Amino acid sequence: MHAHIQQRIQGIINNLDQLPSIPDVASKVLTMVNDPDISFKAIADEISKDQAITTNILKLCNSAYFSKGKEISSIDRAIVTLGIKEVKDIVIVAATREVLNKIVVGYDLARGELWKHGIAVAVLSKKIATIKNRKAVADIAFTGGIIHDVGKTVLALFVQNTFREILETAQARQIQFPAAEKEIMGFDHQEIGEKILTKWKFPEVLKAIVRHHHEPDKSPAEFLPIVSIVHIANTLCLMAGIGIGADGLYHELSDTAIKTLGLSNRELEELYGDMPQVLNQASGIL
């Protein structure tokens, strides 16, 4: 382990100002959506306070993926037409794009590749939740899919400097890339992602997804099903080469996740075969 790298990463974690930021409206809307007594108007008013993000949200409401065929010209109309959960998904897409749509050097991801991967994982996560009768949490799975790799945006430069050692450790020890990251740098991108979500004041379920998406068996039991959904979606997308970076070959499907969701080999094969459709749907958001 490189103690000086671990200390530098710890310094970033301790200084929250050095971690990525997103508009406050995202965390506020996430909280409001979970309040059963909240009104449509209260959510619309909160979103409308941020004019820049409102413009992006309306554009996304009329995109190929989210549009219901009717032109949407206001946040109020978006909530009535699409529903609160769908609008919440759109808010997260709009709020996180700037953080995730960038070059991620250490992981050998060109500009846009991390974002494309996150959107594809989000779309596939929602699909898995639906086919496995977990539609009630499909929107949470979608959000978790978008942000699951946010920790890579912070670790990228450190991985660039230690990549050879991480790779050699993964190969020699036959372990997954995140485990090798932790062994060499003292942290992996899952841990850093959880710290970022703490700064953003995101709920515990999303922190669990980000913290355990490569190791669902370590997830708290209450979040295991939804962590498993994002894990399966993420791994299948990597296997299909969607957003695959330098670490892409060092991930594998978790038996715990497969058993938790009750996925058969046939279902996994069908999901993998659906990748062209998933990419097409994702392109309607990008």
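Data block above holds the structure.
Parameters at a glance
Residues numbered from 1 in each chain as written. Predicted model: local features only at pLDDT ≥ 70, side-chain atom pairs only at ≥ 80, totals over all residues. Heavy atoms only, no water. Patch = residues over 30% accessible without salt bridge, like charges linked within 9 Å, V, L, I, M, F, W, Y side chains within 5 Å. Areas by Shrake-Rupley, 256 points an atom, 1.4 Å probe, with all protein chains shown as cover. Salt bridge = Lys/Arg side-chain N within 4 Å of Asp/Glu carboxyl O. Helix = DSSP H or I, 4+ residues; strand = E, 2+ residues; numbered from the N terminus. Core = buried A, V, L, I, M, F, W, Y, C linked by side-chain atoms within 4.5 Å. Buried < 20%, exposed > 50% of the residue type's maximum accessible area, 1.4 Å probe, protein only. Contact = heavy atoms within 4.5 Å. Axes fitted to C-alpha atoms, helices over the stretch in contact; angles between N-to-C directions. Parallel < 35°, antiparallel > 145°, perpendicular 65-115°, else oblique. Nonpolar A, V, L, I, M, F, W, Y, C, P; charged D, E, K, R; others polar. Phe/Tyr/Trp six-rings, centres within 6.5 Å; stacked < 30°, edge-to-face > 60°. Lys NZ or Arg CZ within 6 Å of the ring centre and 35° of its normal.

S.K.: Looking at this structure, how should I read a nonpolar patch on the surface?
M.R.: Together, I103, V105 and L157 give the surface a local cluster of nonpolar side chains, amounting to about 270 Å² of exposed area. As for its position among the elements, V105 is in the loop between helix 6 (84–100) and helix 7 (113–131).

S.K.: Can you walk me through the nonpolar core in this structure?
M.R.: Soluble globular proteins: nonpolar side chains tend toward being buried together. The biggest cluster of nonpolar side chains holds 98 residues, and the ones touching the most others in it are I146 and F202. The residues touching F202, leaving out its near neighbours within four places in the chain, are I22, A26, S27, L30, I92, I147, L197 and K207.

S.K.: Can you help me understand the packing of helix 2 (residues 24–33) against helix 3 (residues 40–48) in this one?
M.R.: Between two packed helices, both the angle of their axes relative to each other and the distance between the axes serve to describe the pair. As a packed pair, helix 2 and helix 3 sit with axes 10 Å apart at the nearest point and diverge in direction by 175 degrees. When the axes of helix 2 and helix 3 are compared, the pair comes out roughly antiparallel. When helix 2 is examined against helix 3, the residues V25, K28, V29, M32 and V33 are found in contact with a partner set consisting of A42, I43, E46 and I47. For the contact of helix 2 with helix 3, a count of residues per class yields seven nonpolar, no polar and two charged.

S.K.: I'm lost on the packing of aromatic side chains in this one. Help?
M.R.: For any pair of aromatic rings, the description consists of the separation of the ring centres together with the inter-plane angle of the planes. In the structure shown here, the tally under the stated rule is six aromatic pairs. Measuring from ring centre to ring centre gives 6.2 Å for Y107 and F177, while their planes differ by 55 degrees; the resulting arrangement is tilted. Taken together, the residues span a long stretch of sequence, with Y107 in the loop between helix 6 and helix 7 and F177 in helix 10 (residues 177–185) at a distance of 70 residues. Each member of the pair, Y107 as well as F177, is classed as buried. In this structure, K126 packs its charged tip against the face of F142, placed 5.1 Å from the ring centre.

S.K.: Hey, could you run me through the pattern of salt bridges in this one?
M.R.: It is possible for side chains of opposite charge to pair when their charged atoms get near one another. Under the counting rule described, the total for this entry stands at 18 salt bridges. Between K28 and E46 there is a salt bridge whose closest N-O contact spans 3.7 Å. Of this pair, K28 sits in helix 2 while E46 sits in helix 3; the two residues are 18 residues apart in sequence, bridging distant segments of the chain. Residue class for K28 comes out partly exposed when judged on its relative accessible area of 40%. Assessed through its relative accessible area of 13%, E46 is described here as buried. Of the charged contacts in the structure, one is a salt bridge between E204 and K207, with a shortest N-O distance of 3.1 Å. Taken together, the residues E204 and K207, both in helix 12 (residues 204–212) and three residues apart, mark about one turn of the helix.

S.K.: Whenever I open this one, unusual backbone geometry confuses me. Can you help?
M.R.: In terms of backbone geometry, most residues other than glycine have negative phi values and most peptide bonds are trans. One non-glycine residue, N133, lies in positive phi territory at about 60 degrees. With respect to the element layout, N133 can be found in the loop between helix 7 and helix 8 (138–147). Classification of N133 by relative accessible area gives exposed; the value is 74%. A positive phi is found at Q174, a non-glycine position, where the angle reads about 55 degrees. Relative to the helices and strands, Q174 resides in the loop between helix 9 (152–173) and helix 10.

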